[in-house]
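What follows is the residue order along each chain.
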Amino acid sequence: MKMDKCLLTVVVGVLMLGGCSARVVTVSPGPLIRVEGQPVSIRCDVAEYSGPREQDFEWMMIRKAIGTRIKIISTFDAGYSHTSLSNRVASGDISVVRIFDNQVELKIAEVKMTDAGFYWCQTPSTDSVISGNYEAQVQLTVIPNTLQVSPLTPPPVVSEGSDLTLSCNVTRTITHPTYLSVTWSVKRGATSEDILTFGPQGDVVTGAKYARRYADGGIRLVPGKNGVFELVISRVMSTDEGIYECNGTEWTHEDGGNWIKIVESTKEMGTVAVTPTGQSLSVKASSSSSSSSLLLTPGETLTLLCSVAADNLPSVSLEVSWLADGRDLITMERSGVVISNTSSSGGALGNRGEASLERTGGGEYRLGVRGVSGEDGGAYTCRIRAFIEKGGRSSGGGGRWHMAAEKTSSAVTVKVAQIKPSFTVTLEAISNPQMTAEPTELACHVTNITHLPLGGRLGVTWGHTTLPGLVGGPQTSNSIGSLDGYGNLMPGAIYSDRLKSGVMSLTRVQPDTFKLRFLRTQEIDMGQYVCSVSAWSVSSQGDMMNTGEAQSAPLAVRWDTKRPTLNVVAKRLREASVGGATFEMSCAVATENLGEAGYSVLVQSQDSLEGAVRTIMTLSPDNVLQHGGATDPNRRDSLVLTKSGPAEFRFRLAGVQLSDRGFYWCDITAWTKQQPGHTWTRATSAESNKVKVDFQENGPSFSVAIQSDGTNVYPGETAKMECSLSVSGSSPKTGAHTDDLAYEVRWFFTRLRGGQTTNQIASVDRFGVVRKDDRNFSSDISIERTDTHTYLLNIHGTQDSDSGEYHCVATPWYLSASTGSWTQAGELTSSRIFLTVKFAVWESLQLPLLYGVSASIGVGLFSLVFGLVCAHCCCRNTMHTPRSRNKLMDLEMD
């Protein structure tokens, strides 16, 4: 019973499941229109089924609406096909391809007219309950292939900038509603690129690289009649070369809005090559005489023609320029506007004649220059720049032009006859020197000037030839310098520094007069001078050019040379006879054949006449003082060198030392200047006589003495003993400067009068450092320096043990004026002085007695106070108390 209930439940569930889903089989929407010989694909899928995921499919067909079904192919039965189709199935012409588990596609590689009919797709049932549809059908219509693509062959060669028309005829026979499209493409190498596609819905699709040109109108579609379509590429460029192809495609529009390509045909139209503009462009410049050289006279009119030819001349826009010696003369722009570079009188071409440019015909341009002059001569060329507009003609000339080519014609030489200028040059001496260092001035005059062109200028070149044998060298000719037509100075190599410094000058004082000046003439300036004058005019390039030259006769400049001489005399003004004294000498200069000059002085010395020479001090012509290498840096303040007169100098050496002994003299050099602000030039030099410095060393002498205000002292007092030193002798430093003298002082003590045992108790060195020796006394000692030559010994808190003899020993140190170093003099010992420390009885007993009395009084007072305290404390309960009568009670109490 329970088993029956379970089985019933399963059956009800299966029935309910089957009622909720129904199998759906669908095929491609139709009717399908295909072209004979083209591939056909019909898709079939199943949904809402049960059973295994992978479903099987069977294809059948009938050729008429009513007829017997013919089995085509099955996914699970290899022998399913009808005998009439088995060969095609075996060959693969008919096949079924599984796309998904529930979807397959029937493929016919080359459909035949007999394949037209109704096609069924059937799925065997795998459902537990049969529900839904298990097959679907679609109609296939096969039409003959009537598509025809007939292109016209384009021209094989097209000039750059011209138009290229690509014509293609695409037709088909209309038996069913089909549509056409046409595509133009270009192939370069192995790659092909679509240019434009028209159809099938009447829309236009351009290739990525051609979208801008199509929008600008550079590519146009011109539909014609009877299937003729034309693609026009305006203003072709070199990048448009390639093999052009035309593609015709037939389309069908199926249910669902899909456009299906059913057949297409591509035909090669032909190869197109683009000829660059520069390849066919030619330009020629000519004159009316058809000669490459033209001779004119000033004032005539120059006429030149520029002829331009090109294969695509109507398609290009020209910019025409005439050039004279490479410089733009006049230009006609693409717009026809003429720009002349000769209209400004301030320009480089401003002296030329008036130029004009006009177009006389197709590719013909005429240049005219009225009133030519010498500046109009030169090589004339015609330059052509060809421009092509990148946009199409329909774009309204959008301004996107590019220069396709540029060419320049051969030159036509134009000569304008000229008469060279003529003039006379004379040279005279305005100022002739009579001796060295005097000024010289030469003037170059230009007279009888004829045929100098308007705006012409004169330049000059100065030359100099030395006298033979001058300064021991051969006779040479050198260029001093020149002034060109612009007035620019170009100095010669030898005279460059003198001209730049202003010692010499080349000037144009008047348009026809030039001058050469020497501020201070030197011997090397003697010789012959010439001036060469050149005429300058503006060339056709706008530069100054030399058109004539004339030279003056040589002019000699010389004088009797007298060399300058110096005589220097050294004289002793102050003699140093001892060390530390001051030595002073003067050096006086006498000159001959020397004008205003400056002097440099070297003060030199040597230990002996054969010794090495040392430079002590120098003084430049600008009065700059420097110390020589032989000068001790610590003694520079003692050296003085001054200019005491126009030609006299003084040298002073303070505090002479033994190392300063020797011979002193002055080495003086005379210097001259061409003019203030210039550098000094050496003229001559000379040495003075030698002055001897010699003296002997005499050092100072010293003495020492000891004294005390009191030789008897009481214990505890301070005893003072003074050690005094004195100096005498030749030492100028000693009395004036305490820093030049120092002493070492030592103090000695002898306990017994005349005893031999002596102990050192204290000392002070020459640097002021005090040292105290060990003593077994309770007293203390100190040393103080009261002045330069006095030292005081203090014994503080004298005791009995301090009694005895005292004396001091001094060692002087002084700064020698002769050697400049510290020198130790001989050791000096003073006499002895005896110090007595007295003993006083009363004074010695005063303190003990005072201490004893004080102690006695203190003890007595203490005893008295102590006795009173004890008596008071011990006797306070001794008062009489009456006895009680009751003796027993008293006894008990006791």
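Everything numeric here is computed off the predicted structure, so don't read it as measured data.

A.B. asks: Before we move on, could you go through the overall build of the chain and cite the residues and values that matter?
C.D. replies: The helix and strand tally for the chain stands at 8 helices and 62 strands. In the chain, buried positions account for 40% of the 894 residues. For the chain, contacts bridging at least 24 residues in sequence account for 61% of all contacts bridging at least 6. Total accessible area computed for the chain in this model is approximately 47,700 Å², and 52% of it derives from carbon and sulfur atoms.

A.B. asks: Quick rundown of the side chain of Glu160? Include the residues and the values.
C.D. replies: Position of Glu160 relative to the elements: it lies in the loop between β11 (157-159) and β12 (164-171). With a relative accessible area of 8%, Glu160 lands in the buried category. A polar contact is formed between the side chain of Glu160 and the backbone nitrogen of Thr277, at a distance of 2.8 Å. Residues contacting Glu160, with those up to four places away along its chain left out, are Val236, Met237, Val274, Thr275, Pro276, Thr277, Asn312, Ile388, His402 and Ala404.

A.B. asks: Can you tell me about the environment of Gln760, naming the residues and giving the values?
C.D. replies: Assignment of secondary structure puts Gln760 in strand β55 (residues 759-764). On the basis of relative accessibility, which here comes to 28%, the residue Gln760 falls in the partly exposed class. Sequence separation between Gln760 and Trp747 is 13 residues, and the spatial gap between their C-alpha atoms is 5.8 Å. In this structure Gln760 touches Arg746, Trp747, Phe748 and Asp773, once residues within four positions along its chain are discounted.

A.B. asks: Can you lay out the sheet that holds strand β15 (residues 204-206) for me, pointing to particular residues and giving the numbers?
C.D. replies: Across the sheet, 6 strands lie side by side as β11-β19-β18-β13-β14-β15; this open sheet has mixed pairing. On the outer flanks of this sheet lie β11 and β15, each paired with one strand and no other. When the angles between neighbouring strand axes are averaged without regard to direction, this sheet yields 30 degrees. Across 9 bridges, strand β13 (residues 179-188) lies against strand β18 (residues 242-253) in antiparallel orientation. Bridge pairing links Ser185 to Glu245 in β18.

A.B. asks: Please provide a residue-by-residue account of the state of the cysteines, values included.
C.D. replies: Using the criterion set out here, one finds 6 disulfides in the structure. Here Cys168 connects covalently by a disulfide to Cys246, the sulfurs 1.8 Å from one another. Taking the sign of the S-S torsion, about -90 degrees here, the bridge from Cys168 to Cys246 comes out left-handed. Residue Cys168 is located in strand β12, and its partner Cys246 is located in strand β18; the two are separated by 78 residues in the primary sequence.

A.B. asks: Requested: an account of the nonpolar core, with residues and values cited.
C.D. replies: Counting residues in each nonpolar core, the largest one holds 33 residues, and the members touching the most others are Leu302, Cys306, Trp322, Leu367, Tyr380 and Ile384. Top element by residues in this core is strand β28 (residues 378-389). It accounts for 5 residues.

A.B. asks: Which residues make up the pattern of salt bridges, and what values do they have?
C.D. replies: For side chains of opposite charge, pairing can occur when their charged atoms come near one another. Inspection of every chain in the model, using the stated rule, returns 29 salt bridges. One salt bridge connects Arg88 with Asp93, and the closest N-O pair in it is separated by 2.8 Å. By relative accessible area, which is 13% here, Arg88 ends up buried. One salt bridge in this structure joins Asp115 and Arg88, with 2.8 Å as the shortest N-O distance. On the criterion of sequence distance, the pair formed by Asp115 in the loop between β7 (103-108) and β8 (117-122) and Arg88 in helix α2 (residues 83-91) is long-range, its members being 27 residues apart. Note on accessibility: Asp115 and Arg88 belong to one class, buried. Counted as one network, the salt bridges with shared partners bring together Arg43, Glu105 and Lys107.

A.B. asks: I'd like a rundown of the packing of aromatic side chains, residues and numbers included.
C.D. replies: Counting across every chain of the model gives 11 aromatic pairs. Measuring from ring centre to ring centre gives 5.4 Å for Phe583 and Tyr664, while their planes differ by 45 degrees; the resulting arrangement is tilted. Taken together, the residues span a long stretch of sequence, with Phe583 in strand β42 (residues 583-592) and Tyr664 in strand β48 (residues 662-673) at a distance of 81 residues. For the pair Phe583 and Tyr664, a shared accessibility class is recorded, and that class is buried. The structure contains a cluster of three or more aromatic residues connected by ring pairs, namely Phe702, Tyr743, Tyr791 and Tyr814. Between the NZ or CZ atom of Arg766 and the centre of the ring of Trp822, over which it lies, the distance is 5.7 Å.

A.B. asks: Please set out a nonpolar patch on the surface residue by residue, giving values where relevant.
C.D. replies: On the surface, Leu864, Val865, Leu868 and Val869 cluster together into a nonpolar patch covering about 390 Å² of accessible area. Looking at the secondary structure, you find Val869 in helix α7 (residues 841-874).

A.B. asks: Mind laying out the pairing of strand β57 (residues 780-787), listing which residues take part and the relevant values?
C.D. replies: Of the strand pairs in this sheet, β57 and strand β58 (residues 790-796) are connected by 7 bridges, and their pairing is antiparallel. Looking across to β58, one finds that Asp780 is bridged to His796. Between β57 and β58, which pair antiparallel and follow one another directly, the connecting turn spans 2 residues.

A.B. asks: Now, about unusual backbone geometry: what can you tell me, with residues and values included?
C.D. replies: Here the bond from Gly199 into Pro200 is cis, since omega is 0 degrees, no more than 30 degrees from zero. By the secondary structure assignment, Pro200 is in the loop between β14 (191-198) and β15. One non-glycine residue, Arg235, adopts positive backbone phi at about 50 degrees. Look at Arg235 and you get buried, because its relative accessible area is 11%.

A.B. asks: So what's going on with the sheet that holds strand β4 (residues 58-62)? Which residues, and what values?
C.D. replies: Remark on secondary structure: sheet strands pair via backbone hydrogen bonds, oriented parallel or antiparallel. In space, the 5 strands of this open sheet follow the order β2-β9-β8-β4-β5, with mixed pairing throughout. Each edge of the open sheet carries a strand with a single partner, namely β2 (32-35) and β5 (70-74). Strand-to-strand twist across the sheet, computed as the mean angle between neighbouring axes with direction ignored, equals 30 degrees. Pairing analysis gives 6 bridges linking β8 to strand β9 (residues 135-143), with the strands arranged antiparallel. For Gly117, the partnering residue across the bridge sits in β9 and is Leu140.

A.B. asks: If you had to explain the pairing of β5 to someone new, which residues and values would you point to?
C.D. replies: Most of β5 is tucked away: 4 of the 5 residues are buried. Pairing geometry for β4 and β5, over 4 bridges, is antiparallel. Bridge pairing in β5 links Met60 to Lys71.

A.B. asks: Outline the side chain of Ser586, supporting the account with residue identities and numerical values.
C.D. replies: Here Ser586 shows up in strand β42. Those residues in contact with Ser586, other than ones at most four positions away along the chain, are Val569, Ala570, Lys571, Leu573, Glu648, Phe649 and Arg650.

A.B. asks: Describe the environment of Glu575, listing the residues and the values that go with them.
C.D. replies: By the secondary structure assignment, Glu575 is in the loop between β41 (565-574) and β42. Separated by 117 residues in the primary sequence, Glu575 and Lys692 have C-alpha atoms spaced 9.4 Å apart.

A.B. asks: Give me the environment of Asp194: which residues, what numbers.
C.D. replies: Structurally, the position occupied by Asp194 is in strand β14. C-alpha of Asp194 to C-alpha of Ala208: the two residues are 14 residues apart in sequence and 8.4 Å apart in space. Among residues more than four places away in sequence, those in contact with Asp194 are Thr183, Trp184, Ser185, Gly207 and Tyr210.

Cut-off values and rules
In this convention, every chain numbers its residues from 1, walking through the sequence in written order. At least 70 in pLDDT is required for a residue's local features to be given in this predicted model, at least 80 for side-chain atom pairs to be given and counted, and no such filter applies to totals for whole chains, interfaces and linings, which use all residues. The basis for every side-chain value is the complete set of heavy atoms in the structure, and neither hydrogens nor water enter the calculation. Elements are defined by DSSP. Helices are runs of H or I of four residues or more, strands are runs of E of two residues or more, and each kind is numbered from the N terminus. The rule is simple: take the accessible area with a 1.4 Å probe, protein chains only, and divide by the maximum for that residue type; under 20% is buried, over 50% is exposed, in between is partly exposed. Contacts: residue pairs with any heavy atoms within 4.5 Å of one another. Surface accessibility follows the Shrake-Rupley procedure with a 1.4 Å probe radius. Residue values consider only the protein chains on display as shielding. Think of a polar contact as two N or O atoms within 3.5 Å of one another; within protein, one of them needs to be a possible hydrogen donor and the other a possible acceptor, and neighboring residues in sequence only count if both atoms come from side chains. For two strands to count as paired, DSSP must find a minimum of two bridges between them. An axis is simply a line fitted to the C-alpha atoms; with a helix, the fit covers only the stretch in contact. Between two such axes, the angle follows the N-to-C directions and lies from 0 to 180 degrees. When two cysteine sulfur atoms are found within 2.5 Å, that pair is recorded as a disulfide. Joining through side-chain atoms within 4.5 Å is the link that ties buried Ala, Val, Leu, Ile, Met, Phe, Trp, Tyr and Cys residues into a set, and such a set is a nonpolar core. In the sections that follow, a salt bridge refers to a side-chain nitrogen of Lys or Arg positioned within 4 Å of a carboxyl oxygen of Asp or Glu. Whether two aromatic rings pair depends on their centres lying within 6.5 Å, for rings of Phe, Tyr and Trp, where Trp uses its six-membered ring; planes under 30 degrees apart make the pair stacked, over 60 edge-to-face, and the rest tilted. Note on criteria: charge over ring means Lys NZ or Arg CZ within 6 Å of the ring centre, with the direction from the centre no more than 35 degrees off the ring normal. Within the patch definition used here, like charges are joined within 9 Å and nonpolar side chains (Val, Leu, Ile, Met, Phe, Trp, Tyr) within 5 Å, considering only residues with over 30% relative accessible area and no salt bridge.

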